[in-house]
Amino acid sequence: MPWTPPVEPVTNSTSLRRAPVQQRSAERLSRILDACAQLLDEGGYEELSTRAVAVRAGVPIGSVYRFFGNKRALVDALAERNLQRYAERIAGCLAAIPAADWRAAMDAVLDEYLAMKRTAPGFSLVDFGNQIPVGSDAGPNHRLTDRLTELLAVHLDRTPDEILRRAFLVAVESADALVRLAFRLDPTGDENVIAETRELLRVYLARVLD
């Protein structure tokens, strides 16, 4: 399934100085984050500036500072939007997958991530926050694990206990490392490494989900 972004922007990011109240402000915030993503693809994090984002978004620089104190906060908000959009896509996929078929559910988790990696602006540098050097802590993968545990536990009719969360955390960390390898070997993602990643996830998670 090709990745397409939803219409609604993230308006409750913890990186925001203030949340937009009116639709017009929400749309402006969305343009600012879109501009940030485009500029990251073009020049990377080091070349990113709040002024360049304002110019690309077609808004006054004051509009950027209304929402964000600096470029780090901008990138953090983009990462949060990425996670929200990813979770929305996963939820949509799960609605069409039988509850007993956890392998198809995990395929959807991997496939949607790959779709965003290949097509979503700025995602290759930011993803959910663990690519930019200034955000290199373990937090993003833990937040991703929490969202996946929440979504998959409901779908699979499982208790979201520590055993399930730990299994998904190991799966997320393993897949993260292997997908990075796949994209180092091939800019579009080495299909052989991706196939091995898929098999690794199935074999490992069978211990908990079968």
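Described in the following lines is the structure provided in the data block. For clarity, every value in this text was computed on a predicted model and none was experimentally measured. (Residues numbered from 1 in each chain as written. Predicted model: local features only at pLDDT ≥ 70, side-chain atom pairs only at ≥ 80, totals over all residues. Heavy atoms only, no water.)

## With respect to the packing of aromatic side chains
Convention followed: Any pair of Phe, Tyr and Trp rings, taking the six-membered ring for Trp, is counted once the centres come within 6.5 Å. Such a pair is stacked with planes under 30 degrees apart, edge-to-face with planes over 60 apart, and tilted for the rest. A run of DSSP states H or I qualifies as a helix once it reaches four residues; a run of E qualifies as a strand once it reaches two. Both are numbered from the N-terminal end. For the exposure calls, accessible area comes from a 1.4 Å probe over protein chains only, and a residue counts as buried if that area is under 20% of its type's maximum, exposed if over 50%, partly exposed in between. We count a charge as sitting over a ring when the NZ of a lysine or the CZ of an arginine lies within 6 Å of the ring centre and within 35 degrees of the ring normal.
Overall, the coordinates contain 6 aromatic pairs when judged by the stated rule. Between the aromatic rings of Tyr-86 and Tyr-113, the centroid separation amounts to 6.4 Å while the plane-to-plane angle is 85 degrees, which identifies the pairing as edge-to-face. Linking Tyr-86 in helix H4 (residues 71-94) with Tyr-113 in helix H5 (residues 102-119), this pair joins segments that are 27 residues apart in sequence. Accessibility classification places Tyr-86 together with Tyr-113 in one group, the buried group. A cation over an aromatic ring shows up here: Lys-117 above the ring of Phe-183, its NZ or CZ 5.4 Å from the ring centre.

## Topic: the nonpolar core
Applicable threshold: To qualify as a nonpolar core, a set must consist of buried Ala, Val, Leu, Ile, Met, Phe, Trp, Tyr and Cys residues joined through side-chain atoms within 4.5 Å. Pairs of residues are marked as contacts when any of their non-hydrogen atoms sit within 4.5 Å.
With 39 residues, the main nonpolar core has Tyr-86, Leu-152, Leu-205 and Leu-209 as its most contacted residues. Looking at this core, the elements that each hand over two or more residues are H4, H5, helix H7 (139-156), helix H8 (162-185) and helix H9 (191-209). In contact with Leu-205, not counting residues within four places along its chain, are Trp-102, Met-106, Ala-167, Phe-168, Ala-171 and Asp-210. Leu-40, Val-64, Leu-74 and Ala-77 belong to the second largest nonpolar core, which has 25 residues in total.

## Concerning the side chain of Asn-82
Operational definition: Pairing of N or O atoms within 3.5 Å defines a polar contact, subject to two protein rules: one partner must be a possible hydrogen donor and the other a possible acceptor, and residues neighboring in sequence count only if both atoms are side-chain atoms.
Summarising the element assignment, Asn-82 is placed in helix H4. At 2.9 Å, the side chain of Asn-82 and the backbone oxygen of Asp-127 are in polar contact. Each residue touching Asn-82, except ones within four places of it in the same chain, is listed here: Met-116, Phe-123, Val-126, Asp-127 and Phe-128.

## As for the environment of Tyr-113
The buried category is assigned to Tyr-113, whose relative accessible area is 11%. In this structure, the C-alpha to C-alpha distance between Tyr-113 and Asp-127, residues 14 residues apart in sequence, is 9.0 Å. If near-sequence neighbours (up to four positions away) are discounted, Tyr-113 is found in contact with Tyr-86, Phe-123, Asp-127, Phe-128, Asp-176 and Val-179.

## Details of helix H2 (residues 50-57)
To keep it simple, the criterion reads: Summarising the geometry, the arc corresponds to the directions from the helix axis toward the C-beta atoms.
Within the span of H2, buried status applies to Thr-50, Val-53, Ala-54 and Ala-57. Axial view of H2: buried residues confined to an arc of 100 degrees, hence all on one face. The exposed residues of H2 that point more than 90 degrees off its buried face are Arg-51 and Val-55. Looking at the buried residues of H2, the elements they touch are helix H1 (23-47), helix H3 (61-67) and H4. Positive backbone phi, approximately 70 degrees, marks Gly-58, located one or two places after H2.

## Here we look at the packing of H5 against H8
What counts, and what does not: Structural elements are reduced to axes, namely lines fitted to C-alpha atoms, with helices fitted over the stretch in contact, and the angle between N-to-C directions of any two is expressed from 0 to 180 degrees. Throughout this description, any angle smaller than 35 degrees is read as roughly parallel, any larger than 145 degrees as roughly antiparallel, any in the 65 to 115 degree range as roughly perpendicular, and the remainder as oblique. Note on convention: the crossing is left-handed when the near helix lies turned anticlockwise from the far helix by less than a right angle, right-handed when the turn is clockwise. Three categories are distinguished: nonpolar for Ala, Val, Leu, Ile, Met, Phe, Trp, Tyr, Cys and Pro, charged for Asp, Glu, Lys and Arg, and polar for the others, with Gly belonging to the last.
Closest axis-to-axis distance for the H5/H8 pair is 12 Å, and the angle between their directions is 40 degrees. If you check the angle between H5 and H8, you find them oblique. Regarding H5 and H8, the two cross each other, and that crossing is right-handed. Judged by residue contacts, Met-106, Leu-110, Tyr-113, Leu-114, Lys-117 and Arg-118 of H5 engage Phe-168, Asp-176, Val-179 and Phe-183 from H8. Of the residues that constitute the contact of H5 with H8, the class distribution is 7 nonpolar, no polar and 3 charged.

## Here we look at H8
Formally: By definition here, a helix of n residues has an expected span of 1.5 Å times n minus one.
Between its first and last C-alpha, H8 extends 35 Å over 24 residues, near the 34 Å set by a 1.5 Å rise per residue. All of the buried residues in H8 are Leu-164, Arg-165, Ala-167, Phe-168, Leu-169, Ala-171, Val-172, Ala-175, Asp-176, Val-179, Ala-182 and Phe-183. Looking at the packing, one finds that the buried side of H8 touches H5, H7 and H9.

## A word on unusual backbone geometry
For Asp-127, which is not glycine, the phi torsion reads 35 degrees and is therefore positive. With respect to the secondary-structure elements, Asp-127 resides in the loop between helix H6 (123-126) and H7. Even without a glycine there, the phi angle at Asp-157 is positive, about 55 degrees. By the secondary structure assignment, Asp-157 is in the loop between H7 and H8.

## Digging into the pattern of salt bridges
For the record, the criterion: What makes a salt bridge here is a side-chain nitrogen of Lys or Arg within 4 Å of a carboxyl oxygen of Asp or Glu, nothing more.
Taken as a whole and assessed by the stated rule, the structure comprises 11 salt bridges. Among the ionic pairs, Glu-42 bridges to Arg-56, the shortest N-O distance being 2.9 Å. You can see Glu-42 sitting in helix H1 and its partner Arg-56 sitting in helix H2, a full 14 residues away along the chain. What makes Glu-42 exposed here is its relative accessible area of 55%. Between Arg-118 and Glu-191 there is a salt bridge; the shortest N-O distance is 3.2 Å. Of this pair, Arg-118 sits in helix H5 while Glu-191 sits in helix H9, and the two are 73 residues apart along the sequence. Judged by its relative accessible area of 40%, Arg-118 falls in the partly exposed class. In this structure, a network of salt bridges that share partners links the residues Asp-107, Asp-111, Arg-198 and Arg-202.

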